[in-house]
Amino acid sequence: MMKLKSSQTRTYDRDGYKKRAACVCFRSGAEEEVLLVSSSRYPDRWIVPGGGLEPDEEPSAAAAREVCEEAGVKGILGRLLGVFENFERKHRTFVYVLTVTEILEDWEDSVNIGRKRRWFSIEEAVRALQGHKPVQASYFQSLRQSCHPNNGAIPVPSQSALPDIR
């Protein structure tokens, strides 16, 4: 099932849930600092970057695309944390871990809607999400339960040279 939304097509699963994908983006394979972006609806609130799947798009491809559009980062896509349901909004979101390897100076949502991004410790991210995005805050509980060295991806050299973005 599909539904047009201004510039995008929404896709739904057989239960009528919107199909989404997102990434918990880490500065390095140590998984200590996570990148959140400002909400398009509430710019003073932080969210995990993600969005809807396009028709015939794989969840992993959608997750990487959405992170580039919303957060202006690219990286190594690692393990699937899980599929998270938001019963209130009727969403099912495939959530992956991504280790950031490239930070774009200007990106689609920064130019078009003034979206911001910021690095948080995991504890800070959970606190920033708990009140308005409890399902997204729960991603980090799954992260702790599924801690895999190197994010389930091929090891890469240290990314300590990544700039401190704000």
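Residues numbered from 1 in each chain as written. Predicted model: local features only at pLDDT ≥ 70, side-chain atom pairs only at ≥ 80, totals over all residues. Heavy atoms only, no water.

Concerning the environment of arginine 65
Looking at the secondary structure, you find arginine 65 in helix 1 (residues 59–71). A relative accessible area of 19% means that arginine 65 is categorised as buried. In this structure, the C-alpha to C-alpha distance between arginine 65 and leucine 53, residues 12 residues apart in sequence, is 9.6 Å. The residues contacting arginine 65, other than those within four sequence positions of it, are Gly52, Leu53, Glu54 and Glu57. Looking at arginine 65, its side chain comes within polar contact range of the side chain of glutamate 57, at 2.8 Å. (Helix = DSSP H or I, 4+ residues; strand = E, 2+ residues; numbered from the N terminus. Buried < 20%, exposed > 50% of the residue type's maximum accessible area, 1.4 Å probe, protein only. Contact = heavy atoms within 4.5 Å. Polar contact = N/O pair within 3.5 Å; in protein donor to acceptor, adjacent residues only side chain to side chain.)

Observations regarding unusual backbone geometry
Glycine aside, residues mostly have negative phi angles, and peptide bonds mostly take the trans form. Of note in this structure, glutamate 31 is not a glycine but carries a positive phi near 55°. Secondary-structure assignment places glutamate 31 in the loop between strand 3 (18–26) and strand 4 (33–38). When its relative accessible area of 8% is taken as the criterion, glutamate 31 is described as buried. Positive phi is not limited to glycine here, since lysine 90 has a value of about 55°. The topology assignment puts lysine 90 in the loop between strand 7 (73–86) and strand 8 (91–103).

Points about the confidence of the model for the chain
Mean pLDDT over the chain works out to 87, with 83% of the residues at or above the 70 mark. With pLDDT under 50 throughout, residues 1–6 is counted as low confidence; its partners more than four residues away or in other chains account for 13 contacts. (pLDDT = per-residue confidence, 0-100.)

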